[in-house]
Amino acid sequence: GFFKSDAVEVDVKDGANATCLYANWMMKFMITYETNSSDYKNTTLNLSSNVTHDGSVCGNDTQAALLVVQFGEGHSWSVNFTKTNETYQGDFLTFTYNTSDTTVFPDAKRKGPVTIVVKDTMQPVQLNNVFVCHNTDFLEAENVTQIFWNVTVQAFVQNGTIGKKESRCHADTPTSAPTVPPTVANVTTASTTTASPAPTTAPKPVENPETGNYSLKRGNKTCLLANVGLQLNVSQDKPLLININPKTTSANGACGNTTATLKLNDGNSTLIGF
């Protein structure tokens, strides 16, 4: 099925009750965790409609702005922004999930908060501009995949007024529409190519996909090996063929006693889980 998630809107005010930091976005998390039987399970963590932003900071020329949200049973996510001359950009994303939340992590072997820190990939944005990215973005670290889409954010808002000029992310183009929230099985962005009417059947691939070698380790020992060429045939109004390029694809996942999970991310909005 499709991922569903509530949109989050945060409007941080300064001492004069003027907006200094604004964000509106959608996100969710795919997490692999170990159970009491030493197996590994996959779970998804969504934002609830009840989100707080305690601890958010406006920031200034010498202090970073900080956007913090808390949700669910002890989960939190934050991003800090720094200002350099006439631009601002995100620096690090910090995500803390609580495996004591038995609804999301049933039978988790490790109980308590787990924190993941990832370098933000946001490009520098001109001051007074709003950063907008409709396309889906993925950040993978350790056993967590963070997924974002329909992002609107502005740090260091001046005079309490949100900017009217947008700075779009590289993935967005003038002809692209907001992406559909990603599916569990695979994630692709919609094709923006204009061409002749779509064929009724998927076109033949021009070439076979290149074979890739992917592996996972458990401790210092290899626990999973995959030697495979991958091609996705996406059924939609205009059939889409995607060859997975092993040179730009990263492998992640985990091995348990009876279950192994392999996640492949091609760095171009395609995520496949086995």
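One can find the structure itself at the top, above this paragraph.
Remember, it's a predicted structure, so these values are computed and weren't measured experimentally. (Residues numbered from 1 in each chain as written. Predicted model: local features only at pLDDT ≥ 70, side-chain atom pairs only at ≥ 80, totals over all residues. Heavy atoms only, no water.)

Mapping Thr 145 onto the fold places it in strand E11 (residues 144-154). Here Lys 263 takes part through its side chain, which lies 3.1 Å from a polar atom of the side chain of Thr 145. When sequence neighbours within four positions are dropped, the list of residues in contact with Thr 145 reads Lys 28, Phe 29, Met 30, Phe 138, Leu 139, Glu 140, Lys 263 and Leu 271. (Helix = DSSP H or I, 4+ residues; strand = E, 2+ residues; numbered from the N terminus. Polar contact = N/O pair within 3.5 Å; in protein donor to acceptor, adjacent residues only side chain to side chain. Contact = heavy atoms within 4.5 Å.)

Our next topic: the pairing of strand E10 (residues 137-141). Across 5 bridges, the pairing between E10 and E11 is antiparallel. Across the sheet, the residue bridging to Glu 140 is Thr 145, located in E11. Counting the residues that bridge the hairpin from E10 to E11 gives 2 residues, and of these Glu 142 lies at a positive phi of roughly 55°. (Pairing = 2+ DSSP bridges.)

Here we come to the nonpolar core. Ranked by size, the top nonpolar core spans 45 residues in total, and within it Trp 25, Trp 77 and Phe 81 carry the most contacts. The dominant element in this core, judged by the number of residues it contributes, is strand E2 (residues 19-34), at 8 residues. In contact with Phe 81, not counting residues within four places along its chain, are Leu 21, Ala 64, Ala 65, Leu 67, Tyr 88, Gln 89, Gly 90, Met 122, Val 153, Ala 155 and Phe 156. Residues Ile 244, Leu 262, Leu 264 and Ile 272 belong to the second largest nonpolar core, which totals 14 residues. (Core = buried A, V, L, I, M, F, W, Y, C linked by side-chain atoms within 4.5 Å. Buried < 20%, exposed > 50% of the residue type's maximum accessible area, 1.4 Å probe, protein only.)

In this fold, Thr 43 is placed in strand E3 (residues 40-46). For Thr 43, a relative accessible area of 13% corresponds to the buried category. Among the polar contacts made by the side chain of Thr 43, one reaches the main-chain carbonyl oxygen of Val 104 at a distance of 2.9 Å. Setting aside its immediate chain neighbours within four residues, Thr 43 contacts Phe 29, Met 30, Ile 31, Tyr 33, Val 104 and Phe 105.

Our focus in this paragraph is the state of the cysteines. Evaluation of the coordinates by the stated rule reveals 3 disulfides. Each disulfide pairs two cysteine sulfurs, and for Cys 20 the partner residue is Cys 58, the sulfurs being separated by 2.0 Å. Here Cys 20 and Cys 58 share a disulfide; its torsion about the S-S bond, -70°, makes the bridge left-handed. Pair noted here: Cys 20 is in strand E2 and Cys 58 is in the loop between E3 and strand E4 (65-71), with a separation of 38 residues, a long-range link. For the pair Cys 20 and Cys 58, one class covers both residues: buried. At a sulfur-sulfur separation of 2.0 Å, the disulfide partner of Cys 223 is Cys 255. Around the S-S axis, the bridge from Cys 223 to Cys 255 shows a dihedral of about 75° and counts as right-handed. (Disulfide = S-S within 2.5 Å.)

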